[in-house]
Amino acid sequence: MTHIAVYAENYKAIARLISDLENDKKVSGFEDFQYKNGESHSETVLQNFIKEDQKHGNSVLVQDENRSLRTFSSGEKRKALLEYLLKKEPDYLILDDPFDCLDVQSVVNFKQRLTELESDFSMVQIFRRKEDILPFIDTILVLDKDGNSNFINKNDFVDNRQEILNKIETIPPAPKVFEDIPESLICLENVNVSYEDRPILKNINWKVKRGEFWKLTGPNGSGKTTILSMVYGDNPKAYGVDLFLFGKKKGSGESVWDIKKKIGYFSPALTELFNRRNTLEDMVISGLVDSVGLYQKTTDKQKVLAKQWLELLGLQEKAKKVFNDLPNLEKRMVLIARAMIKHPPLLILDEPSTALDDKSALKITNLINHIAAQSDTAIIYVSHRREKGLNPDFEYELIPTEEGSEGRQV
């Protein structure tokens, strides 16, 4: 069987390759795949099944299960899609970044299952992280940003794309000082959460203090998102439990918006919210006024501060460029600057490096490390990976049990 792993600096090149294979076009190095029956395993395909599940209340992926596809963990969904595609007896399978957003154990399990199928059909694996390459694949296709392609042996694939990161001197100053911020920013005391009699969290005790840098970890479905939504969002589960934010029990007076003013927040999903053609400068400044995009006239002082942040990111020459036209990495860096421009007491970073390649992930972690070292902002970094180069002070891990996830400081 022919197995090929594909690395691309420009994801448009990946899209062209997949399209050519699916339309039986001749592609150099992929002659064994032409005029064959291929199937695609990707997040896009999976989301289409999830949408059908939402419409009809069931999915062909889990016909024998007495539960909705939406209730499955990320790892279980990926496995269900794989088993469904196997029933079609494909000649080859395109695996588009199959381990993205999976926790460590789910990655191990999924790799093991794919390895069992090594001799059944050919595989084309799209990957961003070197550690994700399937163990039985020896041939790597590298597509550079100019569209050039090069087949090499896996042993010769050195991630020399990890160029020297921009040297970060000093992050820009805070525009104002937040007053009356207590030492304890977040405090959960014996917090239990269940959804429809399904236990999610069990006796969670966790305290985050000013200036601390935490990494929040745990397998998919362990309750990380639940905790974030209780702190930052309007999850009703936050009320009636002993959850204290900035010294006050949640629900005792402060509104969700009062709380959000003290929190900087980033998630890759945020990039989908900004549909207007705002410039990079506008996007950074919008963090000062807590708006999605910018809808008011800016001041000279705001422009100076935005310029300093863009210089820090090495994007000062793109200040007047449209945000939506940026590459994925630069969008995320701008949105992290937007979240941090006020120097909020608390900064929440929800999976900031997901779906990024090794070089891009290092740039993100480099920026976050400097923010942590040069500010009084407490940081919660949520990740399913053991991210290289990240230097948190503490780690809080959620450990699933039948009675809900328990927590411990690692």
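For the structure itself, consult the block above.
These lines cover the structure that appears in this document, whether it is placed above or below. This is a predicted model, so every value here is computed, not measured.

**Quick word on the packing of helix H3 (residues 74-86) against helix H4 (residues 104-116)**
Piece 1. Packing of H3 against H4 leaves a shortest axis separation of 10 Å and a crossing angle of 10°. Classified by the interaxial angle, the pair formed by H3 and H4 is roughly parallel. Of the residues in H4, those in contact with Gly75, Arg78, Lys79, Leu82, Glu83 and Leu86 of H3 are Ser106, Phe110, Arg113 and Leu114.
Piece 2. The residue makeup of the contact of H3 with H4, split by class, is 4 nonpolar, 2 polar and 4 charged.

**Remarks on the sheet that holds strand S12 (residues 263-266)**
Piece 1. Strand order in this open sheet of 6 strands is S12-S13-S14-S9-S15-S16, and the pairing throughout is mixed. Two strands bound the open sheet, and with one partner strand each, they are S12 and strand S16 (406-409). Each strand axis lies, on average, 15° off the axis of its neighbour in the sheet, ignoring direction.
Piece 2. In this structure, strand S13 (residues 346-350) lies alongside strand S14 (residues 378-382), joined through 5 bridges in parallel fashion. Counterpart to leucine 349 in the pairing with S14 is tyrosine 381.
Piece 3. Each of S12 and S13 touches helix H9 (residues 328-340); the most contacted strand, S12, lies at about 170° to it.
Piece 4. Sitting on the sheet, helix H10 (residues 358-373) is in contact with strand S9 (213-217), S13 and S14, with an inclination near 155° to S14.

**Description of the pairing of strand S7 (residues 184-195)**
Piece 1. Of the pairings in the sheet, the one linking S7 to strand S8 (residues 198-209) comprises 8 bridges and is antiparallel in character. Looking at S8, one finds that leucine 188 is bridged to tryptophan 206.
Piece 2. Taking the residues between adjacent antiparallel strands as the criterion, S7 and S8 are bridged by 2 residues, where glutamate 196 takes a positive phi near 50°.
Piece 3. Examined bridge by bridge, S7 and strand S10 (residues 243-245) share 3 bridges and lie antiparallel to one another. Of the residues in S10, the one forming a bridge with isoleucine 186 is leucine 245.

**Quick look at H4**
Piece 1. In a regular helix each residue adds 1.5 Å, so 13 residues correspond to 18 Å; H4 covers 19 Å between its end C-alpha atoms and thus fits that length.
Piece 2. Restricting attention to buried positions, one finds in H4 the residues Ser106, Val107, Phe110, Lys111 and Leu114. On an axial view of H4, the arc spanned by its buried residues comes to 130°, and they lie on one face.
Piece 3. Contacts made by the buried residues of H4 are with strand S2 (38-41), H3, strand S3 (92-96) and strand S4 (122-126).
Piece 4. Where H4 starts, the residue carrying a side-chain oxygen 3.2 Å from the main-chain nitrogen of glutamine 105 turns out to be aspartate 103.

**A word on the packing of H9 against H10**
Piece 1. The N-to-C vectors of H9 and H10 enclose an angle of 15°; their axes lie 10 Å apart at closest approach. The angle between H9 and H10 places the two elements in the roughly parallel class. In terms of crossing hand, the pair formed by H9 and H10 is right-handed. For the pair H9 and H10, contact is made by Leu329, Arg332, Met333, Ile336 and Met340 and by Ser360, Lys363, Ile364, Leu367 and Ile371, respectively.
Piece 2. Residues that form the contact of H9 with H10 fall into these classes: 7 nonpolar, 1 polar and 2 charged.

Parameters and conventions
Residues numbered from 1 in each chain as written. Predicted model: local features only at pLDDT ≥ 70, side-chain atom pairs only at ≥ 80, totals over all residues. Heavy atoms only, no water. Axes fitted to C-alpha atoms, helices over the stretch in contact; angles between N-to-C directions. Helix = DSSP H or I, 4+ residues; strand = E, 2+ residues; numbered from the N terminus. Parallel < 35°, antiparallel > 145°, perpendicular 65-115°, else oblique. Contact = heavy atoms within 4.5 Å. Nonpolar A, V, L, I, M, F, W, Y, C, P; charged D, E, K, R; others polar. Pairing = 2+ DSSP bridges. Expected span 1.5 Å × (residues − 1). Buried < 20%, exposed > 50% of the residue type's maximum accessible area, 1.4 Å probe, protein only. Arc of directions from axis to C-beta. Polar contact = N/O pair within 3.5 Å; in protein donor to acceptor, adjacent residues only side chain to side chain. Left-handed = near helix turned anticlockwise from the far one by under 90°.

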